Amino acid sequence: MPEQLDTLSLAHNNGNDISSRNTLRYIILGLLGARPMSGYDIKQAFDRALASYWNAGNSQIYTTLKILSDAELVEAEVIVQKSRPNRKVYRLTAAGQAELDRWLEEDVPERFSKDDFLTKLFFCGETSDEVALKHLLEHRLSLLKQLEHMEWARQQYATRPTRRPRLLEYQMLVRDYKEAVLKAGLEVTERAIARLETKEGR
């Protein structure tokens, strides 16, 4: 692959922070894996389906499309239109499909500020149920670890005297909020795992 692809591969060498910054590139590859799209179509897809857990502005999208095009992971075709401006429609190249497949199979970072897990799960219809199940099982383990830690933290708070009860009140509120989110996520994850494991057993 061309040298420009190195910018996408940095995530494997320099940790989760770079991986997070590169995720937008893989989201666009995933969207183009579903069907060819213009930059406008991609922005509409973000606004409709992805905005709740991953935002991207027009400038980010078009800059990323240029990077992907330079790396020969996508190619563009100009569609001539008589009554409206011409459309530039992007589609994956074979190299782009291979890069998308590789990303879909790699582990999701355990900690993330943007939701890598849900973003990857969004595109798991483009891979096998086995890959989706692997991600769901890993996510369940992560949720259980976080809940275990929160229970430990609650016990620590319960036995520790405090000189700032108001601060502790909000710390506990955050703990309760996070615990509720984790438990809700665990419930949905367990249902999804059960459904996929039932399909495998048929």
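Definitions and cut-offs
Residues numbered from 1 in each chain as written. Predicted model: local features only at pLDDT ≥ 70, side-chain atom pairs only at ≥ 80, totals over all residues. Heavy atoms only, no water. Phe/Tyr/Trp six-rings, centres within 6.5 Å; stacked < 30°, edge-to-face > 60°. Helix = DSSP H or I, 4+ residues; strand = E, 2+ residues; numbered from the N terminus. Buried < 20%, exposed > 50% of the residue type's maximum accessible area, 1.4 Å probe, protein only. Lys NZ or Arg CZ within 6 Å of the ring centre and 35° of its normal. Pairing = 2+ DSSP bridges. Salt bridge = Lys/Arg side-chain N within 4 Å of Asp/Glu carboxyl O.

1. Thoughts on the packing of aromatic side chains
Logical step 1: All chains considered together, the criterion is met by two aromatic pairs.
Logical step 2: Relative to tryptophan 103, the ring of tyrosine 26 has its centre 5.2 Å away and its plane inclined at 5°; by these criteria the two rings are stacked. Here tryptophan 103 lies in helix H6 (residues 94-105) and tyrosine 26 lies in helix H3 (residues 16-34), a separation of 77 residues in the sequence. Neither tyrosine 26 nor tryptophan 103 differs from the other in exposure class; each is buried.
Logical step 3: The interplanar angle of 85° and the centroid separation of 5.1 Å between the aromatic rings of phenylalanine 122 and phenylalanine 123 together place this pair among those described as edge-to-face.
Logical step 4: Look at phenylalanine 122 and you get partly exposed, because its relative accessible area is 37%.
Logical step 5: Look at phenylalanine 123 and you get buried, because its relative accessible area is 3%.
Logical step 6: Positioned above the aromatic ring of tryptophan 103 is the side chain of lysine 120, whose terminal nitrogen or guanidinium carbon lies 4.8 Å from the ring centre.

2. Things to note about the sheet that holds strand S2 (residues 74-79)
Logical step 1: The three strands are arranged S1-S3-S2 in an open sheet whose pairing can be described as antiparallel. Of all the strands in the sheet, the pair left with one neighbour each is strand S1 (37-38) and S2.
Logical step 2: Pairing analysis gives two bridges linking S1 to strand S3 (residues 87-92), with the strands arranged antiparallel. Its bridge partner lying in S3, serine 38 is registered against valine 89.

3. Topic: the pattern of salt bridges
Logical step 1: Summed over the entire model, instances satisfying the criterion amount to 14 salt bridges.
Logical step 2: One salt bridge connects aspartate 107 with lysine 134, and the closest N-O pair in it is separated by 3.4 Å. With a gap of 27 residues between them, aspartate 107 in the loop between H6 and helix H7 (116-122) and lysine 134 in helix H8 (residues 129-159) connect regions that are remote in the sequence.
Logical step 3: Here aspartate 107 falls in the exposed class, since its relative accessible area comes to 52%.
Logical step 4: On the accessibility criterion, lysine 134 (28% relative accessible area) is partly exposed.
Logical step 5: Bridged by salt links that share partners, the residues Arg175, Asp176, Glu179 and Lys183 form one connected network.

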